[in-house]
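# Chain and residue survey
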Amino acid sequence: MALLIRNGEIVTVGSRVHADIYAENETITRIGENLDVPPGTETVDAEAKLVFPGFIDPHVHIYLPFMATFAKDTHETASIAAIIGGTTTYIEMCCPNRNDDALAGYQLWKSKASGKSACDYAFHMSVTKFVQETESQLREIVADGTSSFKIFLAYKNFFGVDDGEMYQTLTLARQLGVIVTAHCENAELVARLQQQLLAEGKIGPEWHEPSRPESVETEGTGRFASFLENTGATGYVVHLSCEKALGAALAAKQRGVRLSVEAVLPHLLLDKSFAERPGVEGMKYVMSPPLRAKHNQHVLWNALALVFVDTVGTDHCPFDIEQKRLGKDAFTNIPNGIPGIEDRVNLLYTHGVKRGRIDLDRFVDSASTRVAKLFGLFPRKGTIAVGSDADLVIYDPNYRGTVSVKTQHVNNDYNGFEGMPIEGRPSVVTVRGKIQVRDGKFIGDRTRGQFLKREPNL
Ligand code: URP
Ligand code: ZN
Ligand code: ZN
């Protein structure tokens, strides 16, 4: 059915206009004032609302075998939570480990999502080893439409690659025109520091941060940048958490290294004191890189405003309280991850735009447009323009609420942002022209989501 969004304030990067949007056959076909539309067109009144392009989460984990367990969400629960929160596309980390076959892993991840997502999705393909068949498999995966890789410098012997494997991955990525995203922490230092702390009887979640100090992330970030510099590949640092690592990334950018930076919601809004809470309360806040000393939040917000940080993702990775308790005798066994897919847009709007830390333009750019541009989705996604997919978020800036586990749709029994105020939420969300959400309720098609094929950048 055709769709008309009437009288909203359309916000895209560099533009704010009051106009109507008309969509048919899944795409936006007209934008203008007082549009004439055929009888029977479904109409949404967006008076006093902001109309944003559908938001894109560049970094989520849904199917994830990790740390002796599995992340909690299914593609159904995660995608519904995403759309209710205004995210209409997510890019999931496809993460086979070093013992798995990469191509079989890619097919497994695709099969987990296929026909089960309520919104559109793509993958970053993790390269967790580089063996004889890796090159041909990666070529096949890129030809299939997955044009971004992921490497982990952390998680020794599981996801982590060594320098030789990083070099081979980046060299191939350069040839293929593929961007490489990277988790930048020095795996060897983490392993040594963990053993040292445990040997000293330091077993609680408060020791997670000291086992992965800022210097460990700074080294990883700088090393990744040096490898980009020497291979000519294009890179993206995921979940950069602290001032020192930002310094390493900015120094590289200044040298002309093609490098973008992602911040994630937990590092913007939470600090290490959360993980220092006793017992399971602290375990809920264990993720890597860890939550940092508070001054880093201020640095990250400023960097986001100045476009030193390019994008905001979540690193959505839900483990429930029982799973977190796997680490009750050693912080090294606490499954790493904090969920956030449902709350990113509202918390970024409230604690970013409404608190004056970033403007509306940066909000849309960092959570949608720039993500689409970096990962080969623009202009199909990430903007409101004739020819773009009709992924629209009709946003009510007058809504007032509070984040809570009691109202969330993510499949988990806690919310790391519990009690935080939100000043605004989506009142209507569409995915390719179909209304999927109204006023916080999912009312749409649970299988609407499609795998997004992305071209490499050659
Ligand atoms: O703690 C985290 N970030 N868990 C998910 C895996 C990763 O490193 O992104
Ligand atoms: Zn990571
Ligand atoms: Zn992650």
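Heads up: these notes are all about the structure in this document. (Residues numbered from 1 in each chain as written. Chains lettered and ligands numbered in written order. Predicted model: local features only at pLDDT ≥ 70, side-chain atom pairs only at ≥ 80, totals over all residues. Heavy atoms only, no water.)

## Comments concerning the coordination of the zinc ion (ligand 3)
This is how the line gets drawn: For Na, K and Ca the donor cut-off is 3.2 Å; for every other metal, N, O and S atoms count as donors within 2.8 Å. Water does not enter the count, which can leave sites looking incomplete. Only runs of H or I of at least four residues qualify as helices and only runs of E of at least two qualify as strands under DSSP, and these elements are numbered from the N terminus. The cut-offs for exposure are 20% and 50% of the maximum accessible area for each residue type, with area from a 1.4 Å probe on protein chains only; residues under the lower value are buried, those over the upper are exposed, and the others partly exposed.
Around the zinc ion (ligand 3), the protein contributes the donor atoms His59 (NE2), His61 (NE2) and Asp315 (OD), at 2.0 to 2.1 Å from the metal centre. Counting residues between consecutive donors of the zinc ion (ligand 3) along the chain gives the motif H-x1-H-x253-D. Here the zinc ion (ligand 2) and the zinc ion (ligand 3) are spaced 3.7 Å from one another. Within this pair, whereas His59 is found in strand β6 (residues 55–60), its partner Asp315 is found in the loop between β15 (311–313) and α12 (321–324), the two being separated by 256 residues in sequence. Like His59, the residue Asp315 is buried in the burial classification.

## What about the pattern of salt bridges?
This is how the line gets drawn: Salt-bridge detection follows one rule: a side-chain nitrogen of Lys or Arg within 4 Å of a carboxyl oxygen of Asp or Glu.
Tallied over the full model, the rule gives 33 salt bridges. A salt bridge links Asp144 to Lys110; its shortest N-O distance comes to 2.7 Å. Taken together, the positions of Asp144 in the loop between α3 (134–143) and β11 (148–152) and Lys110 in helix α2 (residues 102–113) put the pair 34 residues apart, joining distant regions of the chain. Members of the salt-bridge network, linked through shared partners, are Glu26, Asp120, Arg380, Lys381, Asp389, Asp391, Arg432 and Arg448.

## Here we look at α3
Let me state the cut-off plainly: Working note: the arc is built from the helix axis to C-beta atom directions. Contacts are residue-level and defined by heavy atoms, with any inter-residue pair within 4.5 Å sufficient.
Considered for burial, the residues of α3 that qualify are Thr134, Gln137, Leu138, Ile141 and Val142. The buried side chains of α3 occupy one side of the element, clustering within an arc of 135 degrees when seen end-on. Lining the buried residues of α3 we find α2, β10 (120–126), β11 and α4 (163–176). The positive-phi residue at the C-terminal boundary of α3 is Gly145, with phi of around 110 degrees.

## Some details on the packing of α3 against α4
Our working rule: Every angle, taken between N-to-C directions, lies between 0 and 180 degrees, and every axis is a line fitted to C-alpha atoms, over only the stretch in contact when it is a helix. For this classification, under 35 degrees means roughly parallel, over 145 means roughly antiparallel, 65 to 115 means roughly perpendicular, and everything else is oblique. Take the far helix as your reference; a near helix turned counterclockwise from it by less than a right angle gives a left-handed crossing, and one turned clockwise gives a right-handed crossing.
Two numbers describe how α3 lies on α4: the axes approach to 11 Å, and their chain directions differ by 40 degrees. Classified by the angle between their axes, α3 and α4 sit oblique to one another. In terms of crossing hand, the pair formed by α3 and α4 is right-handed. Along the contact surface, α3 presents Glu135, Leu138, Arg139 and Val142, while α4 presents Leu172, Gln175 and Leu176.

## Some points on the environment of Ser211
Going by this rule: Under the rule applied, a polar contact is a pair of N or O atoms within 3.5 Å (in protein, one hydrogen donor and one hydrogen acceptor; residues adjacent in sequence only if both atoms are side-chain atoms).
Looking at where Ser211 falls in the secondary structure, it is placed in helix α6 (residues 208–211). Among the residues examined, Ser211 registers a relative accessible area of 0% and is labelled buried. Each C-alpha atom, one on Ser211 and one on Phe331, is 9.6 Å from the other, the two residues being 120 residues apart in sequence. Leaving out residues up to four positions away in the same chain, Ser211 has contacts with Val190, Leu193, Gln194, Leu197 and Phe331. Within the structure, Ser211 has its side chain in polar contact with the backbone oxygen of His208 (distance 2.6 Å).

## As for the coordination of the zinc ion (ligand 2)
We count it as follows: The geometry test gives tetrahedral to four donors whose angles all lie between 85 and 135 degrees, gives square planar to four donors and octahedral to six donors whose opposite members are over 155 degrees apart with all other angles between 65 and 115, and gives irregular to the rest.
Coordination of the zinc ion (ligand 2) by the protein involves His183 (ND1) and His239 (NE2), with metal-donor separations of 2.1 Å. Coordination geometry of the zinc ion (ligand 2): the 4 donor atoms subtend angles of 56 to 149 degrees at the metal centre, consistent with an arrangement described as irregular. Exposure remark for His183: the relative accessible area of 1% places this residue in the buried category. You can call His239 buried: its relative accessible area is 2%.

## Brief notes about the side chain of His75
Along the polypeptide, His75 turns up in helix α1 (residues 75–84). On the basis of relative accessibility, which here comes to 4%, the residue His75 falls in the buried class. At 3.3 Å, the side chain of His75 forms a polar contact with the backbone oxygen of Lys112. Setting aside residues up to four positions removed in sequence, His75 forms contacts with Ile62, Tyr63, Tyr90, Glu92, Lys112, Ala113, Lys116 and Ser117.

## A few points about the site of ligand 1
Condition: Proximity is defined per residue: any heavy atom of the residue falling within 4 Å of a molecule or strand makes that residue near it. All accessible-area figures derive from a Shrake-Rupley calculation using a 1.4 Å probe, and residue coverage is judged against the displayed protein chains alone. Any residue with an atom within 4 Å of a point lines the site, the site being either a cavity, points on a 1 Å grid over the protein atoms alone where a 1.4 Å probe fits but cannot get out, or a pocket, an open set with protein on both sides within 12 Å along at least 5 of 7 lines. For a molecule to be placed in a cavity or pocket, more than half of its atoms must lie within 2 Å of the grid points of that cavity or pocket.
Ligand 1 sits among His59, His61, Tyr155, His183, His239, Met287, Ser288, Asp315, Cys317, Asn336 and Gly337. Within the side chain of His183, an N or O atom sits 3.0 Å from an oxygen atom of ligand 1. Here an oxygen atom of ligand 1 sits 3.5 Å away from a polar atom, N or O, in the main chain of Gly337. The fraction of the free accessible surface of ligand 1 (260 Å²) that becomes covered by protein chains is 100%. According to the grid-proximity analysis, the pocket containing ligand 1 is the largest cavity.

## What about unusual backbone geometry?
Put simply, Ser288 and Pro289 share a cis peptide bond, and its omega is -10 degrees. Relative to the helices and strands, Pro289 resides in the loop between α10 (279–283) and α11 (295–305). With a phi close to 70 degrees, Asn7 is a non-glycine residue in the positive phi region. Along the chain, the position of Asn7 falls in strand β1 (residues 3–12).

## Details of the packing of aromatic side chains
Using the following cut-off: For Phe, Tyr and Trp, where Trp contributes only its six-membered ring, two rings pair if their centres lie within 6.5 Å, and the inter-plane angle classes them as stacked under 30 degrees, edge-to-face over 60, or tilted in between. Remark: a charge is flagged as sitting over a ring if the NZ atom of Lys or the CZ atom of Arg is within 6 Å of the ring centre and within 35 degrees of the ring normal.
In this structure the tally under the stated criterion is 22 aromatic pairs. Aromatic pair Tyr63 and Trp109: ring centres 4.8 Å apart, planes at 65 degrees, arrangement edge-to-face. Of this pair, Tyr63 sits in the loop between β6 and β7 (65–66) while Trp109 sits in helix α2, and the two are 46 residues apart along the sequence. This pair shows no difference in class: Tyr63 is buried, exactly as Trp109 is. Grouping aromatic residues by their ring pairs yields a cluster made of Phe52, Phe55, Tyr349, Phe363 and Tyr395. Over the face of the ring belonging to Phe451 we find Lys110, whose NZ or CZ atom lies 4.4 Å from the ring centre. Note that Lys373 overlies the ring of Phe378, its terminal NZ or CZ placed 4.8 Å from the centroid.

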